[in-house]
Structures are given as structure tokens and as C-alpha cells.
Amino acid sequence: MTAVSEHQAGALPPLPLPGEQKCPFGPPPEYEDLRAGQPVIRVSCPTGVDAWLVSRYADVRQVLGDPELFSNRAGVAAHILLGFGGGTDVPVSEGEFPRMDGAEHLRFRRHMAPEVSNIKRINQLRPLVQGIVDRQLDALAATTQPVDLYADFARPVTTAVIAELLDVPEADQPLFKRAAESLSAGGSSATDVAAALQPLFEYLYMTVVTRRAAPGEDVISRMIVRSDQTDQPFTDMELVTMAAALLIAGYDTTASLISHGVLALLEHPQELERLREDPSLAGTATEELVRYLGVGGGLLREVTQDTEIAGQPVKAGDYVVVAVQSANRDGALYADGDRLDVGRTSGAHLGFGHGPHQCVGQQLARLELTTVLATLPRRIPSLRLAVPFDEIRFKVNSSVLGPVAVPVAWDEIVPALESGA
Amino acid sequence: MRVEIHADRCIGSGVCVLLAPEVFDQRDDDGVVVLLDEHPDARHHESAHDAATRCPALVIEIHDEG
Ligand code: SF4
């Protein structure tokens, strides 16, 4: 491998990004050659950032697992989204934990963990999520086909779950929609994002103030109450940013994962059939879909001290983009990584990331996707695309991957099981 | 097998509890890992290894001859 000097920066190849029909479910085809011959190369990214692109499983895992050498300060998506973090020059704002490192970051994670990643708590939420999924399928049975699996099923399900957890009434949801869409769209400038987030932050600020005075049983109230018992209580603004993070992630990221995952299964009918016959495969199917589809544009880190990645020297201040999707298809992880296999037993895939910044909402996302995968194939055995696959459009220039819409049809929706009602 | 944890790094992800609930638990107030069984039974060795590999914060260390 040759080290590329900064003088050639203008001629750098672009960061390979997921294209529409070329790779609706997987990494851009270039990655296979990169993994084989150029596991660490210089690329130029859409926001103008130049970075080392890392494509092999072992190297991606090393970078994500070593936060002392590879910092989050720049913002994980600052290489693809203008309005996101905006590089190391932009100061970290109050409560902006995704850009924090070390103990500072840990303080936020451990405050959210009891609400969203304590497995006992997740298990208690199971009947709630099952009920929401079943009610949404009942509602579909009463509508005219075709329906959009994203807008008419996945998003109502994920929104209902997060609305229930945070106790935010349905009426406030256009606020979240605007904020989530602006945050994940590549074209949004920092000013656009700030403008879209402002009303959401004001709303959540009022919510924090009201619930501080009269706490309920919801996640925001519980975070306020627990905060007062910690050594370093959280400010109202810090509580607002945690609530906003949960809302925005819960709103669109999980919904896109559900519609993208179901679409992948519709394109792999044998795998869908296996799930229909044996809903107990829903757990492994969930892991497999997260591996198969996860994190399209890669994650950004900044080097803190001169070091090496796979023998390539990198300097303090350099940016690194880890290609998670490519890593998850690496033959070093699975011999047949390009195959979708709903029965694959767990492996250490990186679809939720790795290291201390691993997806904060992963357990909630798992619960929702697993419930959908155990329920949907059983209740709609005849589920099918209502348009040819070629007509499905995918989000481009966005940090959230997935189809724009998934029009589907069916012959019959089977009633819910008693226990799930 | 002996299981050792470095809980100071734990982010409370719940990954270990999901994979090996016989070996790991989490504290209620901050989600941090609690080691339930330092010398798990042979039938939990595979899931304990799995938890060690998949723990995002590299908290879990397995000593096979412990
Ligand atoms: S998997 Fe690791 S980070 Fe997550 S709760 Fe267990 S020990 Fe902590």
C-alpha cells in the first residue's frame, strides 16, 4: 500500500456511497476490491472533508473500539451531512453527547440506559410493542390497498412506541417529523437543521419544565427524577437533548430499518417463508437484517494521536471514515456475507456500530423489528409488492438508508393471536 | 472459565444480558453490568464468549483456564 500525500488531495477518489438500484441493500460494489487490495485509502467526502476510508471488518472494529485514538468530536455524519456537527471547529453544544468522548459521554449513556437499554425494562415493553403492531395491522385490514409499508405501517408503529414511552401526544408529531427529516437530509445546512430543531427543542424544554414540577411515569419524567439523585445532576438543556435524541432516532431510523428489512425479505421470498413457518427465527432475522443493511454512508472519527491502521500511518487530526456496511460483508466475518440468511447465528456484526457510541436505541430497535418480523409474515402470509421492484425509490443523500415508499398488497390479514392483543 | 469485568467502561448497552442472562445483569439506576456468575457452568460458556466479543465497550474478559 502507498501512502497518499496531501498534495494529491484534489485528485482523491470520492467516498463510495450507496446508489439506488445498483445496491439497494448492500454496500457499493467498489468495496469488494477495496477490501481485497486497498483496505485504507484517502477519499474525498461529500461535505468536502478528506478522510482515510477503512473497509475491512477487523480494521473497522479496531477504530470503533478505540475511542481514545479515534474521537467522536467531529460528529459521526459530518462527512455526509452539512448540518451535522460540522467538524471539530464547531464547539460541542450543551448536552450534545454524540460528539463527546470518555467520561463526559458515559455520563449521558448511563443516564439513558435504564430507559432504553436495560433488558429487564425492554422485556416489560414487549406486550406494549406487540399491541401497537397488532393494532396497526388491524387498521391496515380496514384500508384500501395498496398501502405504503413505510408511511402506513412502519412509521405509525415506531412513532406510537416512542410517543407512548415519552408520553408525547400524537398531535405534536409534525414537529418531530420536520426535525428528523431535516437532520438526516444531506442537503440541509447547519442553519436549516437549527431552524428545524428549534421548535422541537422549545417544545421539549417546556415539557421538561412542566414535568420537573409534576413528574409522571414517562421516560422524560424518570430521567428528571433520577438526575437529581446523581453526583452531577443534568441541566434542563441536557435533558432536552437526550429526549430529542430518543425521539428523532425512534421516529425515523427504526421505521426505515423496518421498511427496508421487510423489503429485503420480500426480495428473498425463501427467507420470508422460513420466518412465516417459524416465527422464533425473528431474533436471528433481526440481527441478520441489521448486519445486512446497516449504516450506509459510514461513520466519521478523528485521529487523536499519530498511529497506524492496517499498517497505514495516520496522523493526529486526520479524519477516518469506517465503512460499516463493507465490514459487515467482509469474508473474514462470514464466508458468505452477501447472502441474507434469517437463521444465521449471532456474530459480532457492526450494524449498530461498535465502541462506546454504539447505537443508544439498539435494544428498542431490536424489540420493534423482532416483533414485526414475528408478526407480519404470520398475519399477512400473502404480503407482496404492489409495484415492480424497479419502481421502488431509495433515499439518497441521506444518513438514514431505506426505501422512500414500499407499496404493498395482500389477499387477507389474519387476526392477532390472543396473547398479543 | 473465569469471567472478569471492567465495569468502569460499561455504557449499559444490555448486549451481554441479551446474550447471556445467566451470567450478566444490569443495575437499575444506570444500566451498568453486574456479574452474576464469575465461574459460569459449561453450558453458558458459549454465550459468555459471545457476550465478550459483542460487548461494544470491551468490558468483558474471559479467562479460559480460570
Ligand atoms: S455489553 Fe458491555 S457495555 Fe453493554 S451492558 Fe454489557 S458490559 Fe456493559
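Quick caveat: nothing in here was measured; it's all calculated off a predicted structure. (Residues numbered from 1 in each chain as written. Chains lettered and ligands numbered in written order. Predicted model: local features only at pLDDT ≥ 70, side-chain atom pairs only at ≥ 80, totals over all residues. Heavy atoms only, no water.)

Side note on the sheet that holds strand 3 (residues 70-71) of chain A
Residue and element names in this part refer to chain A. The strand order 1-2-8-5-3 describes an open sheet built from five strands, whose pairing is mixed. Unpaired on one side and paired on the other, strand 1 (40-44) and strand 3 mark the two borders of the sheet. With three bridges connecting them, strand 2 (residues 50-54) and strand 8 (residues 319-322) associate as parallel partners. In the sheet register, Trp52 faces strand 8, and the bridge partner there is Val320. (Pairing = 2+ DSSP bridges. Helix = DSSP H or I, 4+ residues; strand = E, 2+ residues; numbered from the N terminus.)

Observations regarding a nonpolar patch on the surface
A contiguous nonpolar surface patch, about 270 Å² in accessible area, is contributed by A:Tyr205, A:Met206 and A:Val209. Position of A:Tyr205 among the secondary structure elements: in helix 7 (residues 190-213). (Patch = residues over 30% accessible without salt bridge, like charges linked within 9 Å, V, L, I, M, F, W, Y side chains within 5 Å. Areas by Shrake-Rupley, 256 points an atom, 1.4 Å probe, with all protein chains shown as cover. Salt bridge = Lys/Arg side-chain N within 4 Å of Asp/Glu carboxyl O.)

Structural notes on the packing of aromatic side chains
Where two aromatic rings form a pair, the distance of their centres and the angle of their planes describe that pair. Residue and element names in this part refer to chain A. Under the definition given, this model contains five aromatic pairs over all chains. Relative to Phe389, the ring of Phe25 lies with its centre 6.0 Å away and its plane at 40 degrees, an arrangement referred to as tilted. Separated by 364 residues along the polypeptide, Phe25 in the segment before helix 1 (30-37) and Phe389 in the loop between strand 9 (384-385) and strand 10 (407-409) bring together distant segments of the chain. Seen in terms of ring centroids, Phe97 and Phe108 are 5.6 Å apart; in terms of plane orientation they differ by 20 degrees. Their pairing is stacked. Here the residue Phe97 occupies a position in the loop between strand 3 and helix 3 (102-116), and Phe108 occupies one in helix 3, the gap between them amounting to eleven residues. Taking the relative accessible area as the measure of exposure, Phe97 reaches 5% and is therefore buried. The exposure class assigned to Phe108 is buried, which follows from its relative accessible area of 1%. Taken together, Phe25, Phe389 and Phe394 form an aromatic cluster joined through their ring pairs. Cation over ring: Arg329 sits above Tyr292, and NZ or CZ is 4.1 Å from the ring centre. (Phe/Tyr/Trp six-rings, centres within 6.5 Å; stacked < 30°, edge-to-face > 60°. Buried < 20%, exposed > 50% of the residue type's maximum accessible area, 1.4 Å probe, protein only. Lys NZ or Arg CZ within 6 Å of the ring centre and 35° of its normal.)

So, the pattern of salt bridges
Residues and elements named next belong to chain A. As enumerated under the stated definition, the model contains 28 salt bridges over all chains in all. In this structure, Arg99 and Glu96 form a salt bridge, with 3.2 Å as the shortest nitrogen-oxygen distance. For Arg99, a relative accessible area of 2% translates into the label buried. Taking the relative accessible area as the measure of exposure, Glu96 reaches 21% and is therefore partly exposed.

Some remarks on the interface of chain B and chain A
Contact residues are listed per partner, giving 26 residues for chain B and 24 residues for chain A. Contact with chain A buries area across many residues of chain B, yet B:Ile11, B:Arg54 and B:Pro56 alone supply 33% of it, more than any other trio. Where chain B meets chain A, there are three salt bridges. Along the contact surface separating chain B from chain A lie twelve residue pairs in polar contact (both at pLDDT 80 or more). Elements that contribute at least two residues to the side of chain B that touches chain A include exactly helix 1 (15-19), strand 2 (24-26) and helix 2 (45-54) of chain B. Here the side of chain B that touches chain A gets four residues from one element, more than from any other, and that element is helix 1 of chain B. For the side of chain B that touches chain A, the residue count by class is eleven nonpolar, six polar and nine charged. (Contact = heavy atoms within 4.5 Å. Buried area = accessible area lost by both parts, 1.4 Å probe. Polar contact = N/O pair within 3.5 Å; in protein donor to acceptor, adjacent residues only side chain to side chain. Nonpolar A, V, L, I, M, F, W, Y, C, P; charged D, E, K, R; others polar.)

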